[in-house]
Amino acid sequence: MKGIEIAKKLNISTSALRHYEAWGLVPYVERAANGYRIYTKEHEAYFRCIRAMNAGFGMDLIREVMPRIIRGEILDALWLINKAQVNLHAEKETVKRTVEMLDLKELNDLPKYRNKTSFAIGEVAEEAHVSASAIRHWEKEGLIKPERQQASGFRIYSPSDIRKVLIIRTVQRVVYSLDIVREVLSELDKHNVAQAKEIALKSLQYIDYALIEQVRGIAYLQNLFDIVSNKEG
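Residues numbered from 1 in each chain as written. Predicted model: local features only at pLDDT ≥ 70, side-chain atom pairs only at ≥ 80, totals over all residues. Heavy atoms only, no water.

Chemist: Is there a simple way to explain the pattern of salt bridges in this structure?
Modeler: Opposite charge on two side chains lets them pair, provided their charged atoms get close. Enumeration over the complete set of coordinates arrives at 16 salt bridges. Between Glu-91 and Arg-173 there is a salt bridge, with the nearest N and O atoms lying 2.7 Å from each other. Here Arg-173 lies in helix α8 (residues 159–175) and Glu-91 lies in helix α5 (residues 74–102), a separation of 82 residues in the sequence. In this structure Arg-173 comes out as partly exposed when scored by relative accessible area, which is 41%. (Salt bridge = Lys/Arg side-chain N within 4 Å of Asp/Glu carboxyl O. Helix = DSSP H or I, 4+ residues; strand = E, 2+ residues; numbered from the N terminus. Buried < 20%, exposed > 50% of the residue type's maximum accessible area, 1.4 Å probe, protein only.)

Chemist: I'm lost on the packing of aromatic side chains in this one. Help?
Modeler: The description of an aromatic ring pair uses the distance of the two centres, along with the angle that the planes make with each other. The final tally for this structure, using the stated rule, is four aromatic pairs. Where Tyr-20 meets Trp-23, the ring centres are 6.0 Å apart and the plane angle is 55 degrees; that geometry is what we call tilted. A relative accessible area of 5% places Tyr-20 in the buried class. Ring geometry for Tyr-206 and Tyr-209: centres 6.1 Å apart, planes at 40 degrees, overall tilted. Placement of the pair is Tyr-206 and Tyr-209 together in helix α10 (residues 194–232), with a separation of three residues, close to one helical turn. According to the relative accessible area criterion, Tyr-209 is partly exposed, its value standing at 40%. (Phe/Tyr/Trp six-rings, centres within 6.5 Å; stacked < 30°, edge-to-face > 60°.)

Chemist: Which parts of the structure should I look at to understand the nonpolar core?
Modeler: One broad rule of soluble globular proteins: the nonpolar side chains tend to lie buried together. Formed by 33 residues in total, the largest nonpolar core has its most connected members in Ile-135, Trp-138 and Val-165. Of all the elements in the fold, those that place two or more residues in this core are α5, α6 (121–128), α7 (132–140), α8, α9 (178–189) and α10. When sequence neighbours within four positions are dropped, the list of residues in contact with Ile-135 reads Ile-121, Val-124, Ala-125, Val-130, Ile-144, Tyr-157 and Val-165. Judged by nonpolar contacts, the second largest core, of 31 residues, contains Leu-10, Ile-50, Ile-81 and Phe-225. (Core = buried A, V, L, I, M, F, W, Y, C linked by side-chain atoms within 4.5 Å. Contact = heavy atoms within 4.5 Å.)

Given below as C-alpha cells:
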C-alpha cells in the first residue's frame, strides 16, 4: 500500500505519515527496490488510531502510548490512557467547583476548606490541581497577592485566594492570554462574574467534547489491538 493512498483516506499529507514514522509511532516500514515505502494494513491501523486519538488525548500522550504498543507493552499503554481519562475527570470536577464559586454572591459564602482559614502554597496547589510554580508565576504577574507571615515570610493563602486561583487556571486554559485573565479578575472585583462564568462553561463544554473524542479514539485503539493480535496469532 502506498503512503499517498493512506494519506487520502485520512485526509492528511504524506509528510505527516513520515513524521509519525520518524517519531517511532508506527512499526518499521519496509521499502521496495525503488526506495518507496511499503505500508501494510497494520500500518494503516496505526495511522488511523493516531489520528483518532489526537483530538481527545493529544500528541504528547500518543508519543508515549504508540511505542509501547509496538513493543507489545499493551497494559502499560492502557494504564497511560486510563490516567489521562482520570485527569480529564479531575479537570471537570475542578472547573465545576470554579463555576459553583462564581455563583456565590459574596466572598463570605465561600466554602470552608478542611476547616481552615489559611493555607500554604502546596495546599492551594493540591486544592486547585495546579503546580506551585504556576501559582508563583501568577503572583509574579500580579494576579494574586497572598499575605505573608511576618516572622518567616512564607505566603499565606486564604479561601478567597483559592477561589481566585481556580478562576485563573480555568480562564487561562481556555483563552491562554494573561491579559484576558487580568480583565476577568478586574470584572470580578466589580462583582461582575458573567465573563468568567461564560469562559468556565466553555471549558466544561470542551471537556465534554474531549471525553467524546477519547471514547472515539479508544474504539480505534481496540481495532488496532485486534489487528496486532491477529498478526501475532
